[in-house]
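Residues per chain are reported as follows:
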Amino acid sequence: MTIRRIGIVVHEGKAEARAAAELVRGWAAEYDVPAVSVDVWHDGGGIERRNARAEAAEAGYPDVVVTIGGDGTFLRGARIGSTCNAAVLGVDVGRVGFLTEVGVEDLTRALSAVYDGSAIIEERLTLNMRASRPLEIPTGVEGLLRYGRGPKLPPPPVRAGTPDDVGWGVALDVMALNDVVFEKLARDRQASLGVYIAGRLFASYSADALVVSSPTGSTAYSFAAGGPVLSPRVDAIVFTPVAPHMIFDRSLVLAADEAVAVRVLPHSGQVAVSVDGQLRGVLDPDDWIGVYAGQQKARLVRLHPSDFFGRLRARFGLADAAAAAADGTAPLEYRPDAPVPAEMAHLYLAPPVDPPDR
């Protein structure tokens, strides 16, 4: 792909990240490509100065966003990239790195691969939201926002709509790559929520939280709550209750065209709404939000075909069952030398185990 402009999102709290940003600027100068710092944060101080769409516009709508940090930094860059269909390259100086693609040592090689077209652009399903009203963050929960849920972000702005679709709620100008979480705001009050799937009530939950996640987010909060791991190649939505006070406590895996709506019941406590780990609003009784697959997918830069399950095994340090290990070891891959049978030619094959974490 042609790189006309690069946006750089840096974890300013890490010296290694700041040094890597200089490598990006050096590469950009060599190839005569403008490189602009772009982020929604005020110098790491935790206050968003504008929404991602305005930030992308001020940066001149980069077609490649390079994030330097961990997965949190990547999510910040993905929000900006989604507003202008930019590809996002994640450089890992974090600890987990499910989303980031390369280390600092491979940074310039990765940029050259994007420039010459040898890199792979992997598309991921995103989540959009409509709500009964614009989201607000009450001033009385300032301490909770700062210490309980990470840096403060403002409520997402409202996208323009028409009178014809007013019954479907206001469209919130925010994208989730991982998840949207509905969580009780007070320790002593459960969140009581009616959950609608494809427009019909499925069940009313009394729970600590409800998580609506994308396949990418299935390894985040939903996984920690006992939800399934989905291949990022699948277009689907996962709904996972967290500590529900009911017998049915299972996750649901929904088709990508099945929206999930959550309504706060009349006598419930207030409910906090987080998008990709950042609190973005508080719901009152009778408020509702619908979460659905976005039309715009996130575009992730990959140097190799993705070995998601190999990465999952490595990142979680998965160990084989002791009883199975006593009966022998399994090879890391199975690749017959014979040609692939015709009826299997359409199947996806994971890349070779070398490199193991790609």
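It should be emphasised that the depicted structure is a prediction, and the values quoted were computed from it without experimental measurement.

(A) Geometry of the packing of aromatic side chains. Applying the stated criterion to the full structure yields eight aromatic pairs. One aromatic cluster is present, formed by W27, Y31 and Y115 through successive ring pairs. Positioned over the ring face of Y348 is R233, at 3.7 Å from the centre of the ring.

(B) Molecular detail of the sheet that holds strand 5 (residues 120-124). Here we have six strands laid out as an open sheet, ordered 2-1-3-4-18-5, and mixed in their pairing. With partners counted over all chains shown, the strands left at the sheet margins are strand 2 (35-37) and strand 5, one partner each. Across the sheet, the axes of successive neighbouring strands diverge by a mean angle of 30°, strand direction being ignored. Packed on one face of the sheet, helix 1 (residues 15-30) meets strand 1 (6-10), strand 2 and strand 3 (64-69) and runs near 170° to strand 1. Running over the sheet, helix 4 (residues 107-116) touches strand 1, strand 3, strand 4 (87-92) and strand 18 (298-302) and is turned about 165° from strand 4.

(C) Broad picture of the sheet that holds strand 14 (residues 260-264). Here six strands make up an open sheet; going across it, the order is 7-6-17-14-9-10 and the pairing antiparallel. Looking at the sheet topology across the chains shown, the edges are occupied by strand 7 (170-176) and strand 10 (200-207). Sheet twist, expressed as the average angle between the axes of neighbouring strands with direction ignored, equals 25°. The pairing of strand 6 (residues 127-131) with strand 7 spans four bridges and is classified as antiparallel. Counted as the bridge partner of A131 is V170 from strand 7.

Conventions used here
- As a convention, each chain's residues are numbered from 1 in the sequence order in which they are written.
- The model is predicted, so local features are restricted to residues of pLDDT at least 70 and side-chain atom pairs to those at 80 or more, both for listing and for counting; the totals for chains, interfaces and linings are taken over all residues.
- Calculated side-chain values reflect all of the structure's heavy atoms, with hydrogen atoms and water omitted.
- When the centres of two rings from Phe, Tyr and Trp lie within 6.5 Å, Trp using its six-membered ring, the rings pair. Their planes under 30 degrees apart give stacked, over 60 give edge-to-face, and anything left gives tilted.
- Here, a charge over a ring means that NZ of Lys or CZ of Arg falls within 6 Å of the ring centre while also lying within 35 degrees of the ring normal.
- Here a strand pair is declared whenever DSSP counts at least two bridges between the two strands.
- Secondary structure elements follow DSSP: runs of H or I of four or more residues count as helices, runs of E of two or more count as strands, with numbering from the N terminus.
- Each axis is a line fitted through C-alpha atoms, and for a helix only the stretch in contact is used; angles between axes span 0 to 180 degrees, taken between their N-to-C directions.
- Pairs of residues are marked as contacts when any of their non-hydrogen atoms sit within 4.5 Å.

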